[in-house]
Amino acid sequence: MNPRTEQMMDRLAKAARRWSHDDLVDVGDVSIPRWLLHQLVPDIDRFEKWRVDALNLSIDMDDCGGVPGYVLEWSEAKREAVGATLDDIATITRKLADLCKQELDARGTES
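What you see is a predicted model; the values in this text were computed from it and never measured. (Residues numbered from 1 in each chain as written. Predicted model: local features only at pLDDT ≥ 70, side-chain atom pairs only at ≥ 80, totals over all residues. Heavy atoms only, no water.)

Student: Can you break down the overall build of the protein chain residue by residue, with the values?
Tutor: A count of helices and strands for the protein chain gives 4 helices and 2 strands. Burial analysis of the protein chain (111 residues in total) assigns 30% to the buried set. Long-range contacts, defined here as pairs at least 24 residues apart, represent 57% of the contacts in the protein chain between residues at least 6 apart. (Helix = DSSP H or I, 4+ residues; strand = E, 2+ residues; numbered from the N terminus. Buried < 20%, exposed > 50% of the residue type's maximum accessible area, 1.4 Å probe, protein only. Contact = heavy atoms within 4.5 Å.)

Student: Provide a residue-level description of the pattern of salt bridges, including the pertinent values.
Tutor: Taken as a whole and judged by the stated rule, the model has 6 salt bridges. For Lys78, the salt bridge goes to Asp53, with nearest N and O atoms at 3.9 Å. Separated by 25 residues along the polypeptide, Lys78 in helix α4 (residues 76-110) and Asp53 in helix α3 (residues 44-64) bring together distant segments of the chain. (Salt bridge = Lys/Arg side-chain N within 4 Å of Asp/Glu carboxyl O.)

Student: An account of the nonpolar core is requested, with residue identities and associated values reported.
Tutor: Within the largest apolar cluster, 22 residues are counted, with the highest numbers of intra-cluster contacts made by Val27, Ile32, Leu37, Phe47 and Ile92. Among all residues touching Ile92, those that are not within four sequence positions of it are Val27, Ile32, Leu37, Leu40, Val41 and Phe47. (Core = buried A, V, L, I, M, F, W, Y, C linked by side-chain atoms within 4.5 Å.)

Student: Describe the environment of Asp87, naming the residues involved and giving the relevant values.
Tutor: Tracing the backbone through its elements, the reader meets Asp87 in helix α4. Here Asp87 falls in the exposed class, since its relative accessible area comes to 52%. Placed 46 residues apart in sequence, Asp87 and Val41 show a C-alpha to C-alpha distance of 10.0 Å.

Spelled out as structure tokens, the structure:
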């Protein structure tokens, strides 16, 4: 495992021992600690403001197979903010998946 991944995993393990439910933020497929969210998201204020709308839109898009009609009623600014928040969620999910893969790969080579 590379040193940066090892450091992140160590920090996650230490933090996990002291997390409460209130310290975790739902980002769709997973919940992550708020301190980690602040490291991964460039505009945390926008993310926190539009996170629920982005998660709901993601669910509705999966259900209908496209963009729901109510999005057309949103202002351009809201559509852009929710879109950027959806991008953040996708980036977070990818980064966490990469960390998990690196950890699993490292465990596979240690045996």
